Each structure stands twice: as structure tokens, then as C-alpha cells.
Amino acid sequence: MLHPALRCWLCLAIGAWIIPLTASPRLDAFPGYSSGAYARLGSYYPLAVELQGDGPTVTGYLEVSTPDSGGSVRFPLELPSNTTKRLVLPLFANSGNNTTIDVRLMTESGKMVAERKGALLETLAPESVLVGTLPGQAQNAPVFPERPGGNPARNDVRPVMVRMDPGLFPDNPVALEGLNSLYLHSRRALELKEPQYAALQAWVASGGHILVAIENSTDVNATEWLRRLLPARVGGVVTQPAAGVFQRFVSAEAAAGPGQADLQYGTQPIQRHLRRNRARSENPFAQLIVDSDFERQQIASVRLTPAAEAVTFLAVDKTPLAVSGRFGRGLVTVLAFNPEDRDGRHLNNRFRAGEFYLYDEYDPLRMILLNADGTLDKTTVIPSTGVVPSTALQF
């Protein structure tokens, strides 16, 4: 039998060992756009912070800093006991080098109770193309084709697509400012909460570009905010042959037109150092192999009834497959089919249904123009001083 004094000391020792393990909050941080921790220099980006309050309630603030900035930003915060809290905060990318982010949870008195040091952030050049994606399935997230023979020294200007997590999607439109455009599968729209889709709508209305792929009309009809956003009414599913429509669309010769500096969306100031586009004889899709099996297969798509001011720029016979329309200062593009790569390898046209190989990696902000009858305009040369109303699609 232990002596009473020994039992007392033993209890104190065990308590001193257990209490630090259970009483301290835990903190983790994920800077940049979800899957790749990317940001674009001179733009805002999201910082996702996850806190677990394993101890008593903490009233204080989050302090965010980077080793090369020499300063910090503070966000007021209250973390109740035994709760988990997720925050998405907008930060500004002011460092041209890849950097790290330090996040600390501080009490009102200035005592640090949790810390996450060295969260990595990769910074892209201001003229790069950064596209966020909310795909129907994580493994089917669209990607840009790799450009062979690129300059490794300028890896920061490559086009990048990042997969975003609906649970960590920003609820502040400022945090979306660093994206050129956003791809949204209709299934994921159901997972966005009110502050998140309100931020998304505000970003589009301020000049953002969203591409919405619709696999099922019930996704839209059950989501009022998405229905209001789209420039077309959505009906039931129909099937029809591809009939070479995608192949003709991507292989059409693009007229010489304005370059990146003329086609930036509304929230970005014109950057005069960007080079103008020059006419060139090569077509980046000229060598695209025709997959006859793909061209003969049936495409499942929803019926789209475009609004009066919307533009149909892709159709089989008279059935629209892609429609664009304005929303405030921004642009909404609707795809009536699921463009995601079903085999997850991006190798075979027949599994792609015209996915993102519409993108021209040598001229990512190419302008696509339509004639009055809806056919592709291959002849008009646009002056470098403005954007015409018939613009259908800008990346």
C-alpha cells in the first residue's frame, strides 16, 4: 500500500503529464487554391485555417505572417471549447518567390497557444493563367495539356488548374480574385453553403468567368442560386451523335486578334507589359488526331433554352451544347454535357467529350467570335483597343 504522500505526488505528476496533451488547441493552415497551394503575384488568394478547441475557450486573434514580408496580419477570433472551426481568409500575394506562411493563435493578452509554421505557397507570375475547378469527382478534375519543350526558368508562367474543396471554398469574393476562371460541375453546386455561393456570385458579377457543366437537370432545378446565375433554362436529357462538332470547333482557324492585355476580365487593370498577339500560320490543333469512334458515339446532354441576350457557340444541328451570357460585369458559360475525363487519364478523345482541349496553350486568352447566324467567324480582325459584344468565350 502506497504512502499517502507518495500517492499525492504520483497524482500530481500524472496530471501534469496529461493536461498539456489535452488542453492546447490545434491549428493547421492551407494557403493558396486547394490542391496545389498556388497563388498569383499581385492578386488575392485564400488561406484556409482549421482549428480544434481541445481546451478552454480562446478569445483573441489569428496572426498570419511570411518570413520575407517583415510584417503580419491579424484576424479577430473566438474559439469555443471542444469545437472545430474552419476559416478561409483573403491574403495578398506580394512576394514573387515561393514562400511559406506562418499562422499563430494568440490570446488577447498576446500569449501564443497554437502555431503552424512553414505552410508552403507557390507563387505564379501575374500573366499566368490560373483556373479553379470544382469537378464532379476528384479524380476527374480537368487539367491543361502539358506544353512540350517549355522553359524551366519560366515555370511560373505556365497555365495551372487547381482542384478546390467545397468544404474550404472561400466565403469572401476577394479570395477568388486571383482566378482567371472557375469550372463548376453542377453536382458540386449543391454542396456550397450560402456564404460560399454568395461570394461566388459576387465574384462573377465583378468580372469573373465561371464555366458550369451540367450533367443532370435536377442539379440546377434544385439549386435556386445556380438557376438564377445561368443564361439559359435547363430541361431534360437528350442523346445525339457528336457529328464532328468538337473537332471542327477546335480545328477552326483563329483570326489574328488582341492579346492578353486586351482580354483581361473586368476586375484586373490593363497590364501594358503583356505582349500583343501576332498572327501566325500554325494552328495548335492542326495535328489533333480524329477519333472516328468518338465522333460516332452518342452524347448525353441537357436541353438548353438560351436567354435572349445569350450566345450559343457550340451546337449539334439546332441543339445548343455551350451557351455564354453576361452576369453583371462577368461571364457565365454553360456546358450542356459532362466534359470530365471518365478514365481519369486524359488520353483518349472518346472519354473526354470535348473537355478542356478547347484551350489554346499558346494563346490562352484567344477570342472566339460568332457571325449573326451563330456560325464561327474566322475572318474578323479585332482592333487592339477593345472587346466587341460578340465575344463568346474567353479563357
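Reading the values: the criteria
Residues numbered from 1 in each chain as written. Predicted model: local features only at pLDDT ≥ 70, side-chain atom pairs only at ≥ 80, totals over all residues. Heavy atoms only, no water. Helix = DSSP H or I, 4+ residues; strand = E, 2+ residues; numbered from the N terminus. Buried < 20%, exposed > 50% of the residue type's maximum accessible area, 1.4 Å probe, protein only. Contact = heavy atoms within 4.5 Å. Areas by Shrake-Rupley, 256 points an atom, 1.4 Å probe, with all protein chains shown as cover. Phe/Tyr/Trp six-rings, centres within 6.5 Å; stacked < 30°, edge-to-face > 60°. Core = buried A, V, L, I, M, F, W, Y, C linked by side-chain atoms within 4.5 Å. Pairing = 2+ DSSP bridges. Axes fitted to C-alpha atoms, helices over the stretch in contact; angles between N-to-C directions. Expected span 1.5 Å × (residues − 1). Polar contact = N/O pair within 3.5 Å; in protein donor to acceptor, adjacent residues only side chain to side chain. pLDDT = per-residue confidence, 0-100.

As a further point, take the overall build of the protein chain. Helices and strands together make up the secondary structure of the protein chain, namely eight helices and 19 strands. Within the protein chain, the fraction of its 395 residues that count as buried is 48%. Counting only contacts in the protein chain whose residues sit at least 6 apart along the sequence, the fraction spanning at least 24 positions is 71%. Carbon and sulfur atoms form 53% of the exposed surface of the protein chain, whose accessible area is close to 19,400 Å².

Time to look at the packing of aromatic side chains. To describe a pair of aromatic rings, you give the distance between the ring centres and the angle between the ring planes. One pass over the structure, following the stated rule, counts two aromatic pairs. Measuring from ring centre to ring centre gives 5.1 Å for Y44 and F92, while their planes differ by 70 degrees; the resulting arrangement is edge-to-face. Here F92 lies in strand 6 (residues 84-92) and Y44 lies in strand 3 (residues 44-52), a separation of 48 residues in the sequence. Judged by its relative accessible area of 33%, Y44 is partly exposed. Judged by centre distance (5.1 Å) and plane angle (5 degrees), the ring pair of Y197 and W225 falls under stacked. Of this pair, Y197 sits in helix 3 (residues 194-205) while W225 sits in helix 5 (residues 224-229), placing them 28 residues apart in sequence. On the basis of relative accessibility, which here comes to 5%, the residue W225 falls in the buried class.

Another point: the nonpolar core. Counting residues in hydrophobic clusters, the biggest one holds 57 residues, and the most contacted among them are L62, L105, M164, L200, I210, L226 and L230. Dropping the residues within four chain positions of it, I210 is found in contact with L182, L184, L200, V204, L229, L331, V332 and T333.

Within the secondary structure, G32 is located in the loop between strand 1 (26-31) and strand 2 (38-40). For the pair formed by G32 and G178, sequence separation is 146 residues and the distance between their alpha carbons is 9.6 Å.

A few words now on the sheet that holds strand 5 (residues 72-79). The five strands are arranged 2-8-7-4-5 in an open sheet whose pairing can be described as mixed. Two strands lie at the open edges of the sheet, namely strand 2 and strand 5, each paired on one side alone. In this sheet, neighbouring strand axes are inclined to one another by 35 degrees on average, regardless of whether the strands run parallel or antiparallel.

With that settled, the discussion passes to helix 3. Taking 1.5 Å of rise per residue, the twelve residues of helix 3 would be expected to cover 16 Å, and the 16 Å separating its terminal C-alpha atoms lies within 8% of that figure. Among the residues of helix 3, those classed as buried are Q196, A199, L200, Q201, W203 and V204. The inward-facing, buried residues of helix 3 contact strand 11 (181-185), strand 12 (209-213), helix 5, strand 16 (319-327) and strand 17 (330-335).

A separate point is the sheet that holds strand 6. Strands pair in a sheet through their backbones, by hydrogen bonds, and they do so in one of two ways: parallel or antiparallel. The strand order across the open sheet built from three strands is 1-3-6, with neighbouring strands paired in antiparallel fashion. The sheet is open, and its two borders are formed by strand 1 and strand 6, each paired with just one other strand. Recorded for the sheet is a direction-independent mean angle of 20 degrees between the axes of neighbouring strands.

So, about the environment of R104. Mapping R104 onto the fold places it in strand 7 (residues 99-107). Taking relative accessible area as the criterion, R104 reaches 14% and is therefore assigned buried. Those residues within four positions of R104 in sequence are excluded, and the remaining contacts are L27, Y61, L62, E63, S65, M112, A114 and E115. Polar side-chain contacts of R104 include one of 2.9 Å to the side chain of S65.

With a relative accessible area of 41%, F92 lands in the partly exposed category. If sequence neighbours within four positions are ignored, F92 has contacts with G42, S43, Y44 and Y45.

Model confidence for the protein chain is summarised by a mean pLDDT of 75, while 67% of its residues fall at 70 or above. The element-level mean pLDDT for the protein chain is lowest in helix 7 (residues 260-263), coming to 31, with helix 3 highest at 95. In the predicted structure, residues 16-21 sits below a pLDDT of 50 and forms one contact with residues beyond four places in sequence or in another chain. Here residues 255-281 is modelled with pLDDT under 50, and outside its nearest four sequence neighbours on either side it reaches 60 contacts, counting other chains as well.

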